[in-house]
Amino acid sequence: MSYKLVCLALAVGLSIALAPAESAEQAPSPVNASGTAAETGTADAAAAPAPGEIVGERFAVHGQATVVEQLTAPFHAPYGGAHSLSPRRGDETLDMTLYLGARLWPGAEAWVNPEIDQGFGLDDTVGLAGFPSGEAYKVGRKQPYWRLPRLFVRQTVDLGGARQPLAAAVNQLGGFQSANRWVFTLGKFAVTDIFDSNQYAHDARNDFLNWTAIDAGTFDYAADAWGYTVGAAAEWYQGTWAVRAGVFDLSNVPNSETLDPGLRELQWVAELERRYTPMGMPGKVLMTLFDSRARMALLDAALSGAQAGENINAALVDARGYRSRAGVSLSLEQQLSSDLGVFARAGKAGGNVETYEFTDADRTVAAGVSLQGRRWGRADDTVGLAAIVNGISAERERFLNAGGLGVLVGDGRLPHPGAEQILETYYRWALLPWARLTFDYQEAINPGYNRDRGPVPIFAARLHAQF
């Protein structure tokens, strides 16, 4: 643990040295999962620059460090398989990221995010479709190692409308933008940097931890084993509407550490957004669609191979052919008062094909609430509560019962399937303007869709520093 403390000490030192002076009552700008600040302030035509003029930051340096310690308490587990969650298991993750940005020309900025990662998710990140830590990747190492999760260029083209100030934040240079605009992003980043965003549940470093709380569990988005990909996206903002579309590189094989070098395995994503302000309170609705086109197996074909005497997981590989897996999800966020907001998600994806990237869910519903601590004199604290239900198709149930292994689940058998039900609550305590300590509790009923195991109590502590 000593090197972790050294890393955190370095991060804290950098935070003190580079963070702007601010009072203890001030909190950092709210950010979304990609570290991009939400639009802040109101449009001011007198203060706004002329369209195309370079304003605000030309260069930026930000950073963050996050440590998550997670533990499963004892629970009923009469049997288990290769992808089962274990009782009395503790694991931790650490990541430290630099966000380096520069303005290239009017409306264009480039960002690079070098990162140090270390640690493991519980049981090497298996056991639950709604995995309990969004800070855990599908790979892990005992010693810290370097990665480059993001390297991208973003071009904004103003189309008119009110000029809006943008707060300086990670992966976003401070300045102005028009209400109506095109935004183009090209390079390496996470699909969820742009799609399926939600201000109350989308950032494992600041709000909920569970995978199927921070993103729709059925959104099988393109990614390597760390959650990033190469691709391009276009966004069109007009009034209270936004339309997004993108094309992204899938892994070379399902759930792989390596993206497909030949761009044969691809995913298309589209999203429609509608923003509104009932009774003056902002909210939005998203509809997100994806279509993955790659070499994937039909689950019933793998079962047929197993019935002929072949190992079920070897039969899955042999049954792969070029086909499609599609899905759709809906997302809602709504502010109810200055300190209270709610969110909800629901999704459905093809249940007859193996999961390619994210997690084993063919349908999902999640809802929750986020409350800031102003009512008890802790305005910068936040408490959250979410409930999640994940389900799978009959084909996937048969596959798992035959000993099949999904991306994250597989107890070796599944004689008594049931919907995975998860409750998560957290309290985020503002230690300092640039540091937050979060205590998190989750309880998973029917882990891995298995009514023979669980319920599973999961405890976590998260320390996050950002400048």
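Keep in mind that this is a model prediction, so the values were computed, not measured. Every residue gets a number counted from 1 within its own chain, in the order that chain's sequence is written. The predicted origin of the model limits local features to residues at a pLDDT of at least 70 and limits the giving and counting of side-chain atom pairs to 80 or more, whereas totals for whole chains, interfaces and linings rest on all residues. For the side-chain quantities, the full set of heavy atoms in the structure was used; hydrogens and water were omitted.

Caption draft 1: Structural view of the confidence of the model for the chain. A residue's pLDDT is simply how confident the predictor is in it, with values from 0 to 100. Averaged over every residue, the pLDDT of the chain is 90; residues scoring 70 or more account for 88%. Across residues 1-48 the pLDDT falls below 50, and counting only partners more than four positions away or on other chains, this stretch makes 81 contacts in the model. The criterion used for residue contact is that any of the two residues' heavy atoms lie within 4.5 Å.

Caption draft 2: Spotlight on helix H5 (residues 394-401). Residues of H5 that are buried include every one of Arg396, Phe399 and Leu400, and no others. All buried residues of H5 fall inside an arc of 95° around its axis, so they share one side. Starting at the N terminus, helices and strands are each numbered in turn, a helix being any DSSP run of H or I of at least four residues and a strand any DSSP run of E of at least two. Buried residues belonging to H5 abut helix H3 (299-307), helix H4 (312-318) and strand S10 (320-337). Once H5 finishes, glycine 403 follows within two positions and takes phi at roughly 100°, a positive value. Relative accessible area decides the class of each residue, using a 1.4 Å probe on protein chains only: under 20% of the type maximum gives buried, over 50% gives exposed, and in between gives partly exposed. What the arc covers is the set of directions going from the helix axis to the C-beta atoms.

Caption draft 3: Expanded view of H3. Among the residues of H3, those classed as buried are Leu299, Ala302, Leu303 and Gly305. Around the axis of H3, the buried residues are gathered within 160° of arc, so they sit on the same side. Looking at the buried residues of H3, the elements they touch are strand S9 (283-297), H4 and H5. Positive phi appears at glycine 309, one or two residues downstream of H3, with a value of about 105°.

Caption draft 4: Structural view of the side chain of aspartate 360. Within the secondary structure layout, aspartate 360 lies in the loop between strand S11 (340-349) and strand S12 (363-373). Buried and unpaired, aspartate 360 has no salt bridge, with arginine 396 as the nearest side chain of opposite charge at 4.9 Å. A distance of 2.7 Å separates the side chain of aspartate 360 from the backbone nitrogen of leucine 408, its partner in a polar contact. There is a polar contact of 3.2 Å between the side chain of aspartate 360 and the backbone nitrogen of valine 409. Contact partners of aspartate 360, with chain neighbours within four places excluded, come to Ala129, Thr355, Ile392, Gly406, Val407, Leu408, Val409 and Tyr449. When charges are counted, neither His nor the chain ends are considered; positive counts come from Lys and Arg and negative counts from Asp and Glu. Between Lys or Arg on one side and Asp or Glu on the other, a salt bridge is scored when a side-chain nitrogen of the former is within 4 Å of a carboxyl oxygen of the latter. As used in this structure description, the phrase polar contact means that two N or O atoms lie within 3.5 Å; if the pair is within protein, one of them must be able to donate a hydrogen and the other to accept it, and residues adjacent in sequence are counted only when both atoms belong to side chains.

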